[in-house]
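# Structural characterization, general
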Amino acid sequence: MTDRTLPMPLTQASGDERMFPSLTAAQIRRIAAHGHARPIRRGEVLVEAGKRVVPFFVVLTGQVEIVRPSGTTEELVAVHGAGQFSGEVNMLSGRPALLRARVSEAGEVIELDREHLLALVQTDSEIGELIMRAFIIRRVELIAHGLGDVVVLGSNHCSGTLRVKEFLTRNGHPYSYVDLDRDADVQDFLDRFHVSAADVPVVICRGEVVLRSPSNQQIADFLGFNDAIDQTQIRDVVIVGAGPAGLAAAVYAASEGLDVLVLETNAPGGQAGSSSKIENYLGFPTGISGQALAGRAYTQAQKFGAQVIIAKGAKRLVCERKPYVIEIDGGLRVPARAVIIATGAAYQKPSLENLSLFEGAGVYYGATFMEAQLCRGEDVVVVGGGNSAGQAAVYLAQTAKRVHMLVRSSGLAQSMSRYLIRRIEENPVIVLRTQTELTALEGTSHLERVRWRNRQTAATEAHEIRHVFIMAGAAPSTRWLDGCVGLDAKGFIKTGADLLQDDLAAAHWPLARAPHLLETSLPGVFAVGDVRAGNIKRVASAVGEGSIAISLVHRALHE
Ligand SMILES: Cc1cc2nc3c(=O)[nH]c(=O)nc-3n(C[C@H](O)[C@H](O)[C@H](O)COP(=O)(O)OP(=O)(O)OC[C@H]3O[C@@H](n4cnc5c(N)ncnc54)[C@H](O)[C@@H]3O)c2cc1C
């Protein structure tokens, strides 16, 4: 089992002043203005694990322990003394508490509810920075130690297991993992929770509720990832997609006082979230993983009050009249004065027999730490010659025995960054196979063998390779729009000056003015990031467009 229990509480073990800072008297006075002081008595539970209402506490005197309840026992995670404060990022998102806070020494605290805490971090930059930093580092530590309220029971040969682990990881939710094929105490788990190997993946929440092979939406609902959506409230702007473009739009919209709702089918971060390391995004000279960037952006959007809904995608845009309505998975309908489409792109799937059989069981569409662990010391195939394929090849080469990079054309894409081309050429672990395409995937429950063909010589080779990373040819996620906005021949959304008179006539453009930059053929509906025709497929341009779109939303709202 990969569950790591703590040798000592994090407060003691880390000694990290950033994670557990001590507030000055002046800072405490400023916080007190947003809440109220009250006595605490020994044994009192201030926060219960699983409860959605999670107040924020500053300890004035006495002591508060943070523990992970597990059946009838508790594991001590942290201890807050005088001048320290409780909490982690779920206080900003409004998600249920992961841990229990109990008073171990009577005294006095200042208590703030979530609304007052949000007001504090938004208005007091010094205290806001201190709290946000501590919250983020605490969540990172909880993830690193698997200290959450979830145990995933699964098998590395099962695609559902990878999906569940990926969903929790990309949503920054700590969990521990029990591997059916490897962990000695697995029978204990099966017996205790009345599940069998046929039920995997099994998600055990708070040691009580057992979800058998749950969908991502079921997991999100159970763990309380989402607040209820008020369908009667007309939002200033609904942002569809929480990749870099959608998250940037959410941060700017919420920080500028707009009432904003973000819908995301899967997890914050989009394609960038599946990147092992982004090295060309401004301000991160040593690179940053897509997961870390997404986690920070998501927390930032919530700090400003954006509502982000996870694992519920937009199914349809009702565009005949204003306000527009976005229909969501589960039959919900959200009205909006303006809409930002930031649904990005997803890799096109090659037409290979058995592809779906091996997705998550040997075939992957992202190369992060999790996938790299699965193929350590083995040969792997990366399909594609663009930037993302190059990045994956270089990353996997650190742990794989050999990386076969299959490129259908005669070389790497011209758009590939120079630094990646050099690293690929100079890395002896990477074998670049141009004019080569994957032709077959073979195996029973897990991929066991692949075949590829040289397009020039027509020679076919078979190799005992169990891991294939497909990163070629991204297609825009626009099918759900069903003719509401003008698209180019490849399905990307046309905006601004790219919309010709014919496009506008066909869309019955109703206004005297031409569409704004980033505006689609529907007034007040904008497209940003990879989903937009002509967009430069980079994190920076997605973020830039997301932020620009908000200034245009303001204009549209005043029209
Ligand atoms: C492996 C990899 C590595 C990369 N490395 C780099 C790099 O180093 N540097 C760089 O600049 N760029 C890199 N890129 C490119 C960069 O990640 C993309 O350009 C960027 O993520 C585009 O952002 P986006 O928000 O427009 O779209 P996306 O990132 O595609 O996000 C779109 C989001 O919308 C969601 N969505 C889709 N349909 C719906 C719906 N109907 N309802 C609700 N939500 C929906 C998706 O789930 C997704 O989360 C990389 C891409 C990949 C795949």
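Before reading further, recall that the structure is shown in the block above.
Just so you know, these numbers come straight off a predicted model, no measurement behind them. (Residues numbered from 1 in each chain as written. Predicted model: local features only at pLDDT ≥ 70, side-chain atom pairs only at ≥ 80, totals over all residues. Heavy atoms only, no water.)

Turning to the overall build of the protein chain, a few remarks are in order. Helix and strand counts for the protein chain stand at 16 helices and 26 strands. The C-alpha atoms of the protein chain give 25 Å as radius of gyration, which agrees with the globular expectation for 559 residues (24 Å, within 12%). Based on the C-alpha atoms only, the size of the protein chain along its principal axes is roughly 80 × 65 × 45 Å. For the protein chain, contacts bridging at least 24 residues in sequence account for 67% of all contacts bridging at least 6. (Helix = DSSP H or I, 4+ residues; strand = E, 2+ residues; numbered from the N terminus. Rg over C-alpha atoms; globule rule 2.2 N^0.38 Å. Contact = heavy atoms within 4.5 Å.)

Moving on to the site of the ligand. As a matter of local geometry, the ligand sits amid 34 residues, with E264, Q271, N280, Q391 and D530 nearest to it. At a separation of 3.3 Å, an oxygen atom of the ligand approaches a polar backbone atom of A345. With the chains in place, 92% of the 1,000 Å² that the ligand exposes on its own is no longer accessible. Taken together, the residues of the shell around the ligand break down into 15 nonpolar, 15 polar and four charged. (Near = heavy atom within 4 Å. Polar contact = N/O pair within 3.5 Å; in protein donor to acceptor, adjacent residues only side chain to side chain. Areas by Shrake-Rupley, 256 points an atom, 1.4 Å probe, with all protein chains shown as cover. Nonpolar A, V, L, I, M, F, W, Y, C, P; charged D, E, K, R; others polar.)

Looking now at the packing of helix α13 (residues 387-396) against helix α14 (residues 418-426). Here α13 crosses α14 at 40°, and the two axes come no closer than 10 Å. Considered as vectors, α13 and α14 are oriented oblique to each other. For the crossing formed where α13 meets α14, the hand is left-handed. Residue-level inspection shows N387, G390, Q391 and V394 of α13 in contact with α14, the latter providing Y419, L420, R423 and I424. Here the residues of the contact of α13 with α14 are counted per class, giving four nonpolar, three polar and one charged. (Axes fitted to C-alpha atoms, helices over the stretch in contact; angles between N-to-C directions. Parallel < 35°, antiparallel > 145°, perpendicular 65-115°, else oblique. Left-handed = near helix turned anticlockwise from the far one by under 90°.)

Turning to the sheet that holds strand β22 (residues 447-454), a few remarks are in order. Where strands meet in a sheet, backbone hydrogen bonds hold them as pairs that are either parallel or antiparallel. The sheet built from three strands is open, its strands ordered β21-β22-β23 with antiparallel pairing. The sheet terminates laterally at β21 (436-443) and β23 (460-463), the two strands that pair on one side only. Between one strand axis and the next, the sheet turns by 20° as a mean value, whatever way the strands run. When β21 meets β22, the two strands line up antiparallel, connected through seven bridges. Across the sheet, residue L441 finds its bridge partner in β22, namely V450. (Pairing = 2+ DSSP bridges.)

This part is about helix α4 (residues 114-123). For α4, every residue scored as buried is listed here: L117, L118, L120 and V121. Looking straight down α4, one finds its buried side chains confined to an arc of 160°; they lie on one side. Exposed side chains of α4 directed beyond 90 degrees from the buried face belong to E115 and T123. Check the buried side of α4 and you find it contacts α2 (25-32), β3 (56-70), α3 (90-93), β5 (100-112), α5 (125-144) and α10 (290-303). (Buried < 20%, exposed > 50% of the residue type's maximum accessible area, 1.4 Å probe, protein only. Arc of directions from axis to C-beta.)

Quick look at the state of the cysteines now. Tallying each qualifying case throughout the model produces one disulfide. Disulfide pairing places C319 opposite C484 at an S-S distance of 2.2 Å. In this structure the cystine formed by C319 and C484 twists about its S-S bond by roughly -85°; its chirality is therefore left-handed. Placement of the pair is C319 in the loop between β13 (314-318) and β14 (324-328) and C484 in the loop between β25 (474-476) and α15 (501-506), with a sequence separation of 165 residues. On the basis of relative accessible area, C319 is assigned to the buried category, the value being 15%. (Disulfide = S-S within 2.5 Å.)

This next bit is on the nonpolar core. Of all hydrophobic cores here, the largest spans 75 residues; its most connected members are V237, I340, L396, V403 and M405. Top contributing element to this core by residue count: helix α9 (residues 244-255), with seven residues. Ranked by size, the runner-up nonpolar core spans 43 residues in total, among them V77, L98, V103 and L147. (Core = buried A, V, L, I, M, F, W, Y, C linked by side-chain atoms within 4.5 Å.)

What follows deals with α5. The first and last C-alpha atoms of α5 sit 28 Å apart over 20 residues, in line with the 28 Å expected at 1.5 Å per residue. Within the span of α5, buried status applies to I127, G128, L130, I131, M132, A134, F135, I137, R138, R139 and L142. (Expected span 1.5 Å × (residues − 1).)

This part covers the sheet that holds strand β18 (residues 379-383). Across the sheet, which stays open at both edges, the five strands sit in the order β17-β24-β18-β19-β20 with parallel pairing between neighbours. Every other strand in the sheet has two partners, leaving β17 (363-364) and β20 (430-433) as the edge strands with one partner each. The pairing of β17 with strand β24 (residues 468-470) spans two bridges and is classified as parallel. When the sheet's bridge partners are listed, Y364 is paired in β24 with F469.

Let us now look at the pairing of strand β11 (residues 260-264). Of all five residues in β11, five are buried; the element is thus mostly enclosed. Residues V260, V262 and E264 line one face of β11 and the alternating positions L261 and L263 line the opposite face, and both faces are buried. Of the pairings in the sheet, the one linking strand β10 (residues 235-240) to β11 comprises four bridges and is parallel in character. Across the sheet, the residue bridging to V237 is V260, located in β11. In this fold, β10 hands off to α9, which returns the chain to β11; that crossover is right-handed. Pairing analysis gives four bridges linking β11 to strand β12 (residues 307-310), with the strands arranged parallel. Residue pairing for β12: V262 is matched across the bridge by V308. The parallel pair β11 and β12 is bridged by α10, and the resulting crossover is right-handed. (Right-handed = clockwise from strand over helix to strand, strands pointing away.)

Here we take up the environment of L282. Residue placement: L282 occurs in the loop between β11 and α10. L282 sits in the exposed class, given a relative accessible area of 78%. In this structure the C-alpha to C-alpha distance between L282 and G269, which are 13 residues apart in sequence, comes to 17 Å.

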